[in-house]
Amino acid sequence: MGIEEAPSGFLLTSVETLAGLVRKASLWPVTFGLACCAIEMMATGGSRFDISRFGMEVFRASPRQSDLMIVAGRVSQKMAPVVRQVYDQMAEPKWVLSMGVCASSGGMFNNYAIVQGVDHIVPVDIYLPGCPPRPEMLINAILELHEQIKNEPLGRDRAEIARKVEAAALQATPTSHMTGLLR
Ligand code: SF4
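Naming follows an unreviewed UniProt entry, where the protein appears as NADH-quinone oxidoreductase subunit B of Cellulomonas hominis. Per UniProt, the protein has the following entry under Catalytic activity (unreviewed entry): "a quinone + NADH + 5 H(+)(in) = a quinol + NAD(+) + 4 H(+)(out)". Per UniProt, the protein has the following entry under Subcellular location (unreviewed entry): "Cell membrane".

Turning our eyes to something else, we now look at the site of the ligand. Within the structure, the ligand sits among Ala35, Cys36, Cys37, Gly73, Arg74, Gly100, Val101, Cys102, Gly107, Cys131 and Pro132. Top element by residues in the shell around the ligand is helix 4 (residues 100–105). It accounts for 3 residues. Its residues placed into classes, the shell around the ligand shows 7 nonpolar, 3 polar and 1 charged.

In this section: the sheet that holds strand 1 (residues 68–72). Read across the open sheet, the 3 strands follow the order 1-2-3; overall the sheet is parallel. Of all the strands in the sheet, the pair left with one neighbour each is strand 1 and strand 3 (126–128). Looking at each pair of strands side by side, their axes are set apart by 20° on average, direction ignored. With 5 bridges joining them, strand 1 and strand 2 (residues 95–99) adopt parallel strand pairing. Within the sheet, the bridge partner assigned to Ile70 lies in strand 2 and is Leu97. Against the sheet, helix 2 (residues 37–45) contacts strand 1 and strand 2, and its axis sits at roughly 135° relative to strand 1.

Rules and cut-offs
Residues numbered from 1 in each chain as written. Predicted model: local features only at pLDDT ≥ 70, side-chain atom pairs only at ≥ 80, totals over all residues. UniProt positions renumbered as here; feature names shortened; annotations may be inferred. Near = placed C-beta within 6 Å. Helix = DSSP H or I, 4+ residues; strand = E, 2+ residues; numbered from the N terminus. Nonpolar A, V, L, I, M, F, W, Y, C, P; charged D, E, K, R; others polar. Pairing = 2+ DSSP bridges. Axes fitted to C-alpha atoms, helices over the stretch in contact; angles between N-to-C directions. Contact = placed C-beta atoms within 7 Å.

Now the structure itself:
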């Protein structure tokens, strides 16, 4: 039995606290840059900002070794199925950070070529505003995500919350008519 199937109660609460601390301190982001925001994301991994300080080491080349997707840049309709495929290949439990106004809402690209918010494709755990957000802002968003992860429930509770969030996001009204084709 994995810890995600542990029964509720006092024991689960203690395991949840421990698992939350371990998970938040060992996030591994997948290599995934889409546009100009990705330059700031890469800088965050470099020696000046050094996200390894937070247990993140370098960006992983395989989604199967990753549990954090930083969507850095606008998502074109053409890339949307690829984003979803990479997300589906990532290890559970996994989290998504939407970096920049383009990934979060389409930004200034209010047209048929760009998905108007990556939450139409994958469930997003945290949004980071800005164009582009600076590495300090990305680090701040990662630290906020750490707080979320630390307090996340385990097991069926977590799976149920994730299922409801994803169902709600996929039911959201797309602001681009093309987005409907992805469903
Ligand atoms: S938010 Fe700005 S920097 Fe980021 S992808 Fe969009 S246009 Fe580029």
